[in-house]
Amino acid sequence: MLGYFYGYFEYLIWMLPAIILAGVAQFMVNNAYNKNAKILNSKGITGAEAARRVLSANGVSGVGIATTAGKLSDHFDPRTNTIYLSDGVYGKATVSAVGIAAHEAGHAVQHAEGYLPNKVRAVLVPVTKIGSTLGWLLIVLGFAFSGFNYYYNNVVSTNSFAYKMGGLMVVLGIILYSTSLLFTLVTLPVEFNASKRALKAIEATSMLEGKEYSGAKSVLSAAAMTYVAAAFTALLQLLRIVMIFNRRRN
């Protein structure tokens, strides 16, 4: 029982920086979004219209724009080539709506232009789903399996088949789980680039100016921090697993 609580406490201490960063990032997103969602842009441009303007500015056509339920649930689906905007963005003429819609339109432009990091990310989606699930399973089973015959006549036995097989399973699990970290790292340039495209189009088409432009930029900058937090969390999680594995081997 004490070992369980010690392991749980160790996990919290190890992951505390990531937990704090994720919490701060989420607070920043909500704060920036809520603040600028109360500010109507001077030109009355709705989120849907902002998305259309970004697509037009980049010469992209044939992209659908539809509504989706939820708050901050906006996304671009390459399978249907459609930008889905939440109710608080689609028909709202706020600073937040323009920034978020322009960002999602930026993803549509990436897809149309064949932006390389976006292609890599798309390939990693199914790989990550399988790798993260199967990886954790192998890691847990590997640690459990290596415990069989670990002691032989009260002497540590690291030459047993079970111990070696368990170690191999953990290593394979770590390799598979590392796809989650790779996915979060590849996501960073995709998200940053979409925001860069969005802000460039907003400025070029004069959708927002002055404080309104700064407000939209703050929303997108805060949103980007959530992806940084996700990458940092995945990195710490992977390092922790490797640390535990090395500790058991030594």
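Described in the following lines is the structure provided in the data block. (Residues numbered from 1 in each chain as written. Predicted model: local features only at pLDDT ≥ 70, side-chain atom pairs only at ≥ 80, totals over all residues. Heavy atoms only, no water.)

Brief notes about the packing of aromatic side chains
Convention followed: In this analysis, rings of Phe, Tyr and Trp, with Trp reduced to its six-membered ring, are considered paired at centre separations within 6.5 Å, and the interplanar angle assigns stacked below 30 degrees, edge-to-face beyond 60, and tilted for intermediate values. In this analysis the charged atom, NZ for Lys or CZ for Arg, is taken to sit over a ring once it is within 6 Å of the ring centre and within 35 degrees of the ring normal.
For the structure shown, the criterion picks out one aromatic pair. Sitting over the ring of Tyr115, Arg197 keeps its end group 5.5 Å from the ring centre.

Examining the pattern of salt bridges
For clarity, the threshold we go by: We count a salt bridge whenever a side-chain nitrogen from Lys or Arg sits within 4 Å of a carboxyl oxygen from Asp or Glu. Helix and strand definitions follow DSSP, with helices as H or I runs of at least four residues and strands as E runs of at least two, each counted in order from the N terminus. Only protein chains enter the calculation, and the probe is 1.4 Å; a residue is then buried if its accessible area is under 20% of its type maximum, exposed if over 50%, and partly exposed in between.
Counted according to the given criterion, the structure contains four salt bridges. Residue Glu49 pairs with Arg52 through a salt bridge whose shortest N-O separation is 3.7 Å. Separated by three residues within a single helix, Glu49 and Arg52 lie in helix α2 (residues 47–57), roughly one turn from each other. Here Arg52 falls in the partly exposed class, since its relative accessible area comes to 41%. For Glu113, the salt bridge identified is with Arg197, shortest N-O distance 3.0 Å. One end of the pair, Glu113, is in helix α4 (residues 95–113); the other, Arg197, is in helix α6 (residues 161–204), and 84 residues separate them in sequence. Using a relative accessible area of 47% as the deciding quantity, one classes Glu113 as partly exposed. Classification of Arg197 by relative accessible area gives buried; the value is 17%. The network of salt bridges with shared partners includes Glu49, Arg52 and Arg53.

Here we look at the sheet that holds strand β1 (residues 64–68)
Pairing between the strands of a sheet comes from backbone hydrogen bonds, and it takes one of two forms, parallel or antiparallel. The following threshold applies: Two strands are counted as paired when DSSP detects at least two bridges linking them. Note on method: axes are straight lines fitted to C-alpha atoms, helices fitted across the in-contact stretch only, with angles between N-to-C directions ranging 0 to 180 degrees.
Across the sheet, three strands lie side by side as β1-β3-β2; this open sheet has mixed pairing. Edge positions in the sheet fall to β1 and β2 (75–77), since each has one partner strand and no second. In this sheet, neighbouring strand axes are inclined to one another by 30° on average, regardless of whether the strands run parallel or antiparallel. As defined by bridge partners, β1 adjoins strand β3 (residues 82–86) across five bridges and the pair is classed as parallel. For Gly64, the partnering residue across the bridge sits in β3 and is Thr82.

Regarding the nonpolar core
Operational definition: Joining through side-chain atoms within 4.5 Å is the link that ties buried Ala, Val, Leu, Ile, Met, Phe, Trp, Tyr and Cys residues into a set, and such a set is a nonpolar core. We call two residues in contact when some of their heavy atoms are within 4.5 Å.
If you look at the biggest cluster of nonpolar residues, it comprises 36 residues, and the most contacted ones within it are Leu55 and Ile83. Counting residues per element, this core draws most heavily on α4, at nine residues. Beyond its immediate sequence surroundings of up to four residues, Ile83 is in contact with Ala51, Leu55, Val63, Gly64, Ile65, Ala66, His75, Phe76, Glu104, Ala105 and Ala108. In terms of nonpolar packing, the next biggest core, distinct from the first, is built from eleven residues, Ile139, Val170, Leu238 and Phe245 among them.

A short note on the side chain of Glu212
Quick reminder of the rule: Residues scored as positive are Lys and Arg, those scored as negative are Asp and Glu, and His as well as the terminal groups of each chain are ignored.
Structurally, the position occupied by Glu212 is in helix α7 (residues 211–249). Although buried, Glu212 forms no salt bridge, and the nearest oppositely charged side chain, Lys43, lies 7.5 Å from it. Not counting residues within four places of it along the chain, the set of residues in contact with Glu212 comprises Leu40, Asn41, Ser42, Val95 and Met207.

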